[in-house]
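Structural features, examined
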Amino acid sequence: MITMQGLHKKFGDLEVLKGVDLKVSKGSTVVIIGPSGSGKTTLLRCINLLEIPTEGVVEIGNQSIRFSPDAKVTKTDILSMRRKTGMVFQGYNLFPHKTVLQNVMEGPVTVLKKPSAQAAAEAKELLAKVGLADKADQFPHQLSGGQQQRVGIARALAMEPEVILFDEPTSALDPELVGEVLKVMKEVASEGITMVVVTHEMRFARDAADKVVFMDQGIIVEEGPPEYIFEQSQNPRTRTFLNRIS
Ligand code: ADP
């Protein structure tokens, strides 16, 4: 589903990704963990090309792009790749002057050119799925942070992406609101949607990941099923990280 090969990303002289290879199979949930500054968010943003890799190959579904300092990559290629992904951000990035329903319908109507009645019906179904059927006509500021983030998830799903990327989706939330968002994410994962999640929520990684990827200093140190990473890994960098946060 997603293959990244030999991925490098530099910001000026700072090399943030130093040769990353990652495979995400269709329908699976991959959770990326690691210390702050290790390059997790940059890797995620290289999947949907919000960051342009300095070098390497990004492949999603049937489209593949090779990046290098002298390769010419067109805006059309980048947009078509990005279209395959949905992103849920740390902040909710909802349109403040649109209702919850309008927020979810916006992409399907303007980008996917769906008729508005169809988009509204589908948006209502998605809002029911994230437990917010009764909030359709409210505005974002009338919702809690957890509810807004659930709208963010519904909005990403509405674009029918091949993969949904979550960038620390709960880290801006008050602790008591984290659970409701993780619950919705687990439900989405169990429906077989391909997901890549950057999070500090180790519980979520244990419960929902098919594969956990541990990054440190711009490389993938190791990866494996959660039982392996959390219980069996002997890698000193992995152990140090997990001991520090537990
Ligand atoms: P993580 O998600 O693991 O905390 P990030 O991918 O956010 O790590 O950041 C990795 C490194 O890249 C950090 O040192 C960060 O300061 C740097 N970085 C991230 N984005 C930019 C940017 N747009 N310009 C310059 N440096 C950046």
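In this report, the structure presented in the accompanying data block is examined. (Residues numbered from 1 in each chain as written. Predicted model: local features only at pLDDT ≥ 70, side-chain atom pairs only at ≥ 80, totals over all residues. Heavy atoms only, no water.)

Some points on the pairing of strand E1 (residues 2–11)
Note: E1 against strand E2 (residues 14–24), eight bridges, orientation antiparallel. Looking across to E2, one finds that His8 is bridged to Lys18. As judged from the five bridges shared by E1 and strand E4 (residues 55–60), these two strands associate in the antiparallel manner. Among the inter-strand pairings, Thr3 is bridged to a residue of E4, identified as Glu59. (Pairing = 2+ DSSP bridges. Helix = DSSP H or I, 4+ residues; strand = E, 2+ residues; numbered from the N terminus.)

Topic: helix H1 (residues 40–47)
Counting buried positions over the eight residues of H1 gives six, a clear majority of the element. Inspection of H1 places Lys40, Thr42, Leu43, Leu44, Cys46 and Ile47 among the buried residues, and these make up the whole buried set. Just downstream of H1, Leu49 is the residue with a positive phi angle, here 60 degrees. (Buried < 20%, exposed > 50% of the residue type's maximum accessible area, 1.4 Å probe, protein only.)

Quick look at the sheet that holds E4
Taken in spatial order, the four strands make up an open sheet running E2-E1-E4-E5, and their pairing is antiparallel. The open sheet terminates on both sides in strands that have one partner only, identified here as E2 and strand E5 (63–67). Neighbour-to-neighbour, the strand axes of this sheet turn through a mean angle of 15 degrees, independent of strand direction. Of the strands in this sheet, E1, E2 and E4 are in contact with H1, which crosses E1 at around 120 degrees. Helix-sheet contacts for helix H2 (residues 75–82) involve E4 and E5, and the interaxial angle to E5 is about 130 degrees. (Axes fitted to C-alpha atoms, helices over the stretch in contact; angles between N-to-C directions. Contact = heavy atoms within 4.5 Å.)

Details of the nonpolar core
Across soluble globular proteins, you tend to see nonpolar side chains buried next to one another. Formed by 49 residues in total, the largest nonpolar core has its most connected members in Ile33, Leu127, Ile153 and Met185. With eight residues, the single largest contributor to this core is helix H6 (residues 175–190). Met185 has contacts with Ile153, Phe166, Pro169, Met195, Val197 and Phe204, leaving out every residue within four places of it along the chain. Counting 28 residues, the second-largest nonpolar core is a separate cluster that includes Leu17, Val30, Leu43 and Ile65. (Core = buried A, V, L, I, M, F, W, Y, C linked by side-chain atoms within 4.5 Å.)

A word on the site of the ligand
Around the ligand, a shell composed of Phe11, Leu14, Val16, Pro35, Ser36, Gly37, Ser38, Gly39, Lys40, Thr41 and Thr42 is seen. In this structure, an oxygen atom belonging to the ligand sits 2.8 Å away from a side-chain N or O atom of Lys40. For the ligand, the protein covers 60% of the area, taking 560 Å² as the surface of the free molecule. Mapped onto the shell around the ligand, the elements with two or more residues apiece are E2 and H1. In terms of residue count, the dominant contributor to the shell around the ligand is H1 (three residues). When grouped by side-chain class, the residues that make up the shell around the ligand number four nonpolar, six polar and one charged. (Near = heavy atom within 4 Å. Polar contact = N/O pair within 3.5 Å; in protein donor to acceptor, adjacent residues only side chain to side chain. Areas by Shrake-Rupley, 256 points an atom, 1.4 Å probe, with all protein chains shown as cover. Nonpolar A, V, L, I, M, F, W, Y, C, P; charged D, E, K, R; others polar.)

What to know about the sheet that holds strand E8 (residues 194–198)
In spatial order, the strands read E6-E7-E8-E3-E9-E10; together these six strands make up an open sheet with mixed pairing. Each end of this open sheet is capped by a strand with a single partner; those strands are strand E6 (85–88) and strand E10 (219–224). Looking at each pair of strands side by side, their axes are set apart by 20 degrees on average, direction ignored. One ladder, built from five bridges, connects strand E7 (residues 163–167) with E8; its direction is parallel. Looking at the pairing, Asp167 lines up with Val198 of E8. Its contacts with the sheet put helix H5 (residues 145–158) on E6 and E7, and the angle it makes with E6 is roughly 175 degrees.

Some words on the packing of H5 against H6
The interhelical angle for the contact between H5 and H6, taken along N-to-C directions, is 20 degrees, at an axis separation of 8 Å. Of the possible angle classes, the one that applies to H5 and H6 is roughly parallel. The interaxial crossing formed by H5 with H6 has right-handed handedness. Here Gly145, Gly146, Gln147, Gln149, Arg150, Ile153 and Leu157 of H5 lie close against H6, whose contacting residues are Leu177, Glu180, Val181, Val184, Met185 and Val188. (Parallel < 35°, antiparallel > 145°, perpendicular 65-115°, else oblique. Left-handed = near helix turned anticlockwise from the far one by under 90°.)

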